[in-house]
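One letter stands for each residue in the lines below.
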Amino acid sequence: MEKFNSFEEIQKSLENREIDCQSIVRYYLSNIQTKAHLNAFVEVYGQSALARAAWVDEKLVSGKAGKLAGMVIGIKDVLNYAGHESNASSEILKGYEAQFTTTAIQRLIDEDAIIIGRLNCDEFGMGSSNENSCHGKVLNAQDETRVPGGSSGGSAVAVQANLCTVSLGTDTGGSVRQPAAFTGVIGSKPTYSRVSRWGLIAYASSFDTIGVFSRTVKDNALVMEVMAGHDEFDSTSSRKPVFPYSQLLHFDRKAKVAYLKETIESPILQKEIKDHTLSVFENLKKEGHTVEEVDFPLLDYVLPTYYILTTAEASSNLSRFDGVKYGYRSPNAHNLESMYKKTRTEGFGEEVKRRILLGTFVLSASYYDAYFTKAQKVRRLIKDFTENLLNDFDYIIMPTTPTTAFKIGAHKEDPVAMYLEDLFTVQASVSGVPAISLPNGNDEAGMPIGLQIMANSFKEAELYAFSNYLMNLISK
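Below or above, wherever it landed, is the structure these notes cover. Note that the structure is predicted; figures quoted are calculated from it, not measured.

Ordered in space as β1-β3-β2-β4-β6-β5-β10-β11-β9-β7-β8, the 11 strands form an open sheet in which the pairing is mixed. Here the strands that pair on one side only, and so sit at the sheet edges, are β1 (41-44) and β8 (290-294). Ignoring strand direction, the axes of neighbouring strands in this sheet form an average angle of 30°. Helix-sheet contacts for helix α2 (residues 21-34) involve β1, β2 (72-76) and β3 (114-119), and the interaxial angle to β3 is about 15°.

Quick look at helix α5 (residues 153-160) now. When you tally the buried positions in α5, you get eight out of eight residues, the bulk of the element. All buried positions along α5 are accounted for by G153, G154, S155, A156, V157, A158, V159 and Q160. Contacts made by the buried residues of α5 are with β1, β2, β3, β4 (166-171), α6 (177-183) and β6 (209-214). Among the residues trailing α5, N162 stands out with phi positive, at a value near 60°.

This model, assessed by the stated rule, comprises 19 salt bridges. The residue D143 makes a salt bridge to R146 at a minimum N-O spacing of 2.9 Å. For R146, a relative accessible area of 14% translates into the label buried. Among the salt bridges present, the one from R355 reaches E351, with a minimum N-O distance of 2.7 Å. Of the two residues, R355 and E351 both sit in helix α12 (residues 350-363), four residues apart, roughly one turn of that helix.

About the criteria used
Residues numbered from 1 in each chain as written. Predicted model: local features only at pLDDT ≥ 70, side-chain atom pairs only at ≥ 80, totals over all residues. Heavy atoms only, no water. Pairing = 2+ DSSP bridges. Helix = DSSP H or I, 4+ residues; strand = E, 2+ residues; numbered from the N terminus. Axes fitted to C-alpha atoms, helices over the stretch in contact; angles between N-to-C directions. Contact = heavy atoms within 4.5 Å. Buried < 20%, exposed > 50% of the residue type's maximum accessible area, 1.4 Å probe, protein only. Salt bridge = Lys/Arg side-chain N within 4 Å of Asp/Glu carboxyl O.

As structure tokens, then:
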């Protein structure tokens, strides 16, 4: 079977009776087996996927199939799927079987999508390289000596290596967009509250979003429109109407675009990424669009604000994993206190423990006002600045990452250098606005470069339309 570059190609082949859903699933299962060394999948649902494919084939014959019939999806290992293990790539949850299905996944299933397996990630979504997983590191299919980005590295590689049609990741501070940039695929983060978080194992509840990896903007938009919308199980989910994003991709107006001076002039920005980004600006100007440089004096504060707030929320969210109700319990404990200590010490990885400690510190009585309260105030400043800018401009464009994919182990002893990989992605997360990373060529070593576009809250339709236009412009 030939490689599928989009769900649209799959749909056409199904309509022409050239293939069926079972053959599509077998094709992906074969790819997964061939490329197992990439370690993208931690569990493959081969039998259940084939059984579901057979059922969807029957629905196609009867003309009753949903809009995602034939779409094969991989899910990040922080999303619950009833009857299947979900352990957030952590020893502390090994063996835990999900009791319910994440709302976003259920909505895809209801439209006849086929879930093929769960994907490797950094433990509890904490990391920028997918090296912090109890299942081992994920390899970048473009260059297996390099990381795929994180925390949704397995999800990115699954699409990059053609192991599924699309995949789901989660984005707290760039965990969809950054690995998308490192692997040369499309990765989107919706407006906070646009997609229900019910069933997502929380890292930082006021930042977490469920995003999509795909090869085309249309596929991404289609999955997002199915997942989005209010959910009675998630009180933070928005009641705003959901538009048919995949049908609104035509872009025929002149856009007003801003780029942040501080991102382009950042001392850690790789020269090739800067050149490719500036080239996009020039091409936009040639097409008659307005592109203006804007000062962003708060850039230096975005990363510290993000890490203070997310580690504080992680400290609170991860307190439930204590060996009492579910998950790992240390066999070395001799009383209640030692059970708590040993279970958490043995069950959590180094990066998770680092963030729990930092979060507990900033929430402590002596430092709450000095750090946590101040960070909340700065978050409001960043959010207001970003939203005001997006009231004046249609979009903000910047590089997705300061560098292309780095070598495995390069930042293992330097967590600050690892955190700096999120420098350009955290603004959208702190502000809660939607953002997407698009492939924008390669550097001299052949590694993919990402271009990030941000729009105002709940402007996903406009963001997808402009992204589709940009993809065509970049490929010219």
